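# Tertiary structure, described
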Amino acid sequence: VVIIGGGATGLGTAYYLAKNHGVKSVAVLEQNYIGAGGSGRNTTIIRSNYRTPEGVRFYERSMELYRGLGAELDFNMMLSNHGHFTLAHTDSSVRVQRERAETNQLLGVDSRLIFRDEIAELCPELNLSKDVPYPIQAALYHPPGSVLRHDAVVWGYATGAYHHGVSIHQGVRVTGIRKDEHGRCVGVDTSEGPIDAGAVVSAVAGWTTQITDMAGVQTPITNHPLQAYVTEAVKPMLHKIIVSANLHVYVSQTDRGEFLIGAEIEPYTTYSLRSTFTFVEHASANALDLLPFLARLKIMRQWTGYCDMTPDYSPIMGETEVENFYLDSGWGTWGFKASAVCGETMAELVATRKVPELIAPFRLSRFAEERLVPEKAAASVSH
């Protein structure tokens, strides 16, 4: 098996192929260094309070895997359970959060709608004044919401895969997808020469269309930049993950004391990783409406990542029309939290050639079949 992409999902797939299925003749190819892409450029939030039954089950399984991953890999993931707030500022947003809470509860996920009194008790740092453009009315509260270190996940999976016999090649760029006379994928061409393979998995997130173009596979993916920044470090004072469904901003405090602030994807498509002042200006203004004390802090650094967005805000996972070529893509702004279950299910698919039930709804053919998995209600805020 050749896995293109040395991020959390690619390395997770390699690890579970070797551990769960005994497939150890695996090469992970990373054009840069492992974790250089979306796995190293995200905001480390994990949760399962999605809107559709398909999404809830999928991300809940990922949460289960993450909770035991540190012990399984003998690698400190620095998992920290904070609890997750999705704030609602309008009547329509309150209705959406209520629907999400009821869906979550029906599927066994700990999630409920709370109002101003309980919000003030659980997170006194929030500005609950009504003298702002969008006062907080309610929140979807998800107690299991957590953060963990993205680089720890990457290196944990890489170390586990290596100890199971997987080969990890950094600085190797894929230049072509090789096919036989019947159109079946039989390997890849790389900057270091050709590699034969019985299966090829593309797990390159924001670079997906570059690989699918080589394979002759069409997808409805568009690429958008997503930005975030952190402030200087201060003592711990915010103990919840805060997301605003209306302001499209999210704030959490890292284990190093920095406040991490992000917003929505940019409306334009690009492969540029250039950060912008416009993002800082808008994200800061919205964050200050929620947490005015942030005005005293200095911004330390800013970064940008790629997001491979799908029309229904759900991933594309599974088989393609090219036999032996598998796709793990369309992760948009919600990919890191799925890395664990993504690796487990993609490994099962490649090893058994049977589509796991959890990822069947995310097949590429769903767009032609008009069987979308609409997750915009829970995934449109980029965290």
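First, a word on what this report is: a plain description of the structure on this page. (Residues numbered from 1 in each chain as written. Predicted model: local features only at pLDDT ≥ 70, side-chain atom pairs only at ≥ 80, totals over all residues. Heavy atoms only, no water.)

With respect to the element layout, D308 can be found in strand β18 (residues 299-309). Despite its burial, D308 pairs with no opposite charge; the closest candidate is R366, at 10 Å N-O. In terms of polar contacts, D308 uses its side chain to reach the backbone amide nitrogen of G330, at 2.7 Å. What D308 contacts, discounting residues up to four positions off in sequence, is A205, G206, T208, I221, T222, N223, S329, G330, W331 and G332. (Helix = DSSP H or I, 4+ residues; strand = E, 2+ residues; numbered from the N terminus. Buried < 20%, exposed > 50% of the residue type's maximum accessible area, 1.4 Å probe, protein only. Lys, Arg positive; Asp, Glu negative; His and termini not counted. Salt bridge = Lys/Arg side-chain N within 4 Å of Asp/Glu carboxyl O. Polar contact = N/O pair within 3.5 Å; in protein donor to acceptor, adjacent residues only side chain to side chain. Contact = heavy atoms within 4.5 Å.)

Our next topic: the pairing of strand β11 (residues 185-190). Successive side chains on a regular strand alternate, one facing one side of the sheet and the next facing the other. Strand direction decides the pairing type here: strand β10 (residues 174-179) and β11, joined by five bridges, are antiparallel. Following the sheet pairing, I177 is matched in β11 by V188. Here β10 folds back onto β11, and the loop between the two strands holds five residues, one of which, G183, carries a positive phi near 85 degrees. Two strands pair when backbone bridges link them, and β11 and strand β12 (residues 193-196) are joined in this way by four bridges, in the antiparallel orientation. When the sheet's bridge partners are listed, V188 is paired in β12 with I195. As consecutive antiparallel partners, β11 and β12 are separated by two residues. (Pairing = 2+ DSSP bridges.)

Before going further, it helps to spend a moment on the pattern of salt bridges. Scanning the model with the defined rule gives 15 salt bridges in all. Across the salt bridge formed by R366 and D312, the nearest N and O atoms sit 2.8 Å from each other. With R366 in helix α9 (residues 366-369) and D312 in the loop between β18 and β19 (316-319), this pair connects stretches of sequence that are 54 residues apart. For R366, a relative accessible area of 0% puts it in the buried group. Relative accessible area serves as the criterion here: at 4%, D312 is assigned to the buried category.

Once that is clear, we can look at the environment of E348. Assignment of secondary structure puts E348 in helix α8 (residues 339-352). In this structure, the C-alpha to C-alpha distance between E348 and N20, residues 328 residues apart in sequence, is 8.1 Å. Contact partners of E348, with chain neighbours within four places excluded, come to H21, R353, K354 and P356.

Turning our eyes to something else, we now look at the sheet that holds β11. One open sheet accounts for three strands, arranged β10-β11-β12; its pairing is antiparallel. Edge positions in the sheet fall to β10 and β12, since each has one partner strand and no second. Within this sheet the neighbouring strands show an average axis-to-axis angle of 25 degrees, counted without direction. (Axes fitted to C-alpha atoms, helices over the stretch in contact; angles between N-to-C directions.)

In this section: the nonpolar core. Counting 57 residues, the largest nonpolar core has F58 and Y157 as its most contacted members. Every element with two or more residues in this core is listed here: α1 (8-21), α2 (53-73), α5 (150-163), β18, α8 and α10 (376-379). The biggest single contributor to this core is α2, with eight residues. Dropping the residues within four chain positions of it, F58 is found in contact with M317, W331, A338, V341, C342, L358, I359 and F362. Counting 28 residues, the second-largest nonpolar core is a separate cluster that includes F85, Y229, V280 and A283. (Core = buried A, V, L, I, M, F, W, Y, C linked by side-chain atoms within 4.5 Å.)

All we've got here are geometric facts, nothing functional implied.
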